[in-house]
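Below are the chains, spelled out letter by letter.
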Amino acid sequence: MVAMIIARLTSRAVIAVSGPDWRSFLQGLLTQDVETLAPGELRFGALLTPQGKLLFDLFIAGTDDGALLDVAAARREALLQRLSIYRLRAKVALEASDRPVLAVFGGALAGEGLYADPRLPALGARAYDDRPASADEDAYDAHRLALGVPGPADWGEETTYPIEADFDLLAGIDFKKGCFVGQETTSRMKRRGTIKNRMLPIVFDGPSPAFGAEVLAGALRAGEVLSGRDGRAMALLRLDRIEDVALTVEGRPVTVERPAWLT
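Residues numbered from 1 in each chain as written. Predicted model: local features only at pLDDT ≥ 70, side-chain atom pairs only at ≥ 80, totals over all residues. Heavy atoms only, no water.

Caption draft 1: Representation of the side chain of Glu 137 within the structure. Mapping Glu 137 onto the fold places it in helix H3 (residues 137-146). The side chain of Glu 137 is buried and forms no salt bridge, while Arg 12, the nearest opposite charge, is found at 6.7 Å. (Helix = DSSP H or I, 4+ residues; strand = E, 2+ residues; numbered from the N terminus. Buried < 20%, exposed > 50% of the residue type's maximum accessible area, 1.4 Å probe, protein only. Lys, Arg positive; Asp, Glu negative; His and termini not counted. Salt bridge = Lys/Arg side-chain N within 4 Å of Asp/Glu carboxyl O.)

Quick look at the structure:
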């Protein structure tokens, strides 16, 4: 039996949310439904700009008295400030927590305190406690990239629409929940089917090209390389320019590898 791998995600941090109005407060802001979130359940979502671009990615973990927001550590203070602006008269408490963020993957998941990752079963689970880690964040990033799942390094800040980052295919947007910040643009893109670009993994020989390197279909620009490692990277690609054509990056051939979950 393959042993579980527990990786400490030092790039992530936690915000604890509580108070009588915590559900209604988050419900009107985030791309994900929280009204039905149960203790022990994890959901994936984001806070968007009013124009519908990704501002903060996050996981929402249900607890007995509220929720934990699993966010980028470097952006936690900015998110706290943004949420405080939206709070107005809502009875909700927002505070930075010193809980660690752990990714648990690679084997049969067992034990208490595990929140199943809602994006893909193969991604494993998250935990927010003091269990000892057996790996670092790089091991988890390699696992995520092998599954073709984009991460925060790929979508940046206020540059990407969530559908381009596959949030709609990875349980990151609830299109039935009602209003949220940036909903109009997001819903229109989905409804009209005007999805021209998506993040997809590319494979190649050797080290990853530089972030932002052009992906070419012949002489035409077909996208750009995002984060990666030897042999594999994520790329934001124009869907109308990558079918049945040879692709190159910096003169090297690359191949698009569509994950099984991407339909």
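Caption draft 2: Representation of the packing of aromatic side chains. Scanning the model with the defined rule gives five aromatic pairs in all. Geometrically, the ring pair formed by Phe 44 and Phe 59 is tilted, given 5.1 Å between the ring centres and 40 degrees between the ring planes. You can see Phe 44 sitting in strand E3 (residues 42-48) and its partner Phe 59 sitting in strand E4 (residues 54-63), a full 15 residues away along the chain. The pair Phe 44 / Phe 59 is uniform in exposure class, with both members buried. For the pair Trp 155 and Phe 167, a centre-to-centre distance of 5.0 Å together with 70 degrees between the ring planes defines the contact as edge-to-face. With a gap of 12 residues between them, Trp 155 in helix H4 (residues 152-155) and Phe 167 in the loop between H4 and helix H5 (183-192) connect regions that are remote in the sequence. Note on Trp 155: relative accessible area 3%, which makes it buried. For Phe 167, a relative accessible area of 0% corresponds to the buried category. (Phe/Tyr/Trp six-rings, centres within 6.5 Å; stacked < 30°, edge-to-face > 60°.)

Caption draft 3: Spatial organisation of the sheet that holds strand E8 (residues 115-116). Taken in spatial order, the four strands of this open sheet run E1-E7-E9-E8, and their pairing is antiparallel. The sheet terminates laterally at strand E1 (5-8) and E8, the two strands that pair on one side only. Note: E8 against strand E9 (residues 125-127), two bridges, orientation antiparallel. Along E9, the bridge assignment pairs Ala 116 with Ala 125. Of the strands in this sheet, E1, strand E7 (102-105) and E9 are in contact with H3, which crosses E7 at around 50 degrees. (Pairing = 2+ DSSP bridges. Contact = heavy atoms within 4.5 Å. Axes fitted to C-alpha atoms, helices over the stretch in contact; angles between N-to-C directions.)

Caption draft 4: Region of interest: helix H2 (residues 76-87). The end-to-end C-alpha distance of H2, which contains 12 residues, comes to 16 Å, matching closely the 16 Å that a straight helix rising 1.5 Å per residue would cover. Turning to H2, its buried residues number three or more, namely Leu 79, Leu 80 and Leu 83. On an axial view of H2, the arc spanned by its buried residues comes to 100 degrees, and they lie on one face. Check the buried side of H2 and you find it contacts strand E2 (12-18), helix H1 (22-27), E3, E4, strand E5 (66-72) and strand E6 (93-97). Two residues or fewer past H2, Leu 88 is found with a positive phi of approximately 50 degrees. (Expected span 1.5 Å × (residues − 1). Arc of directions from axis to C-beta.)

Caption draft 5: Region of interest: the nonpolar core. Counting 52 residues, the largest nonpolar core has Tyr 128, Phe 167 and Val 215 as the members making the most contacts within it. Take this core: its biggest share by element is five residues, from strand E13 (residues 232-238). Not counting the four nearest positions on each side in its chain, Phe 167 is found in contact with Phe 44, Gly 45, Ala 46, Leu 54, Asp 57, Trp 155, Pro 162, Gly 172 and Ile 173. Within the second largest apolar cluster, 23 residues are counted, among which are Phe 25, Leu 47, Leu 55 and Leu 80. (Core = buried A, V, L, I, M, F, W, Y, C linked by side-chain atoms within 4.5 Å.)

Caption draft 6: Layout of the pairing of E2. The buried count for E2 comes to six of seven residues, which makes it a mostly enclosed element. The pairing of E2 with E5 spans seven bridges and is antiparallel. Its bridge partner being in E5, Ala 16 is matched across the sheet by Leu 68. Pairing between E2 and E6: five bridges, direction antiparallel. Among the inter-strand pairings, Ile 15 is bridged to a residue of E6, identified as Ala 96.

Caption draft 7: Region of the structure containing H5. What H5 keeps buried is the set Thr 185, Thr 186, Ser 187 and Met 189. Buried residues in H5 make contact with E3. Positive backbone phi, approximately 70 degrees, marks Gly 193, located one or two places after H5.

Geometric values such as these leave the question of function open.
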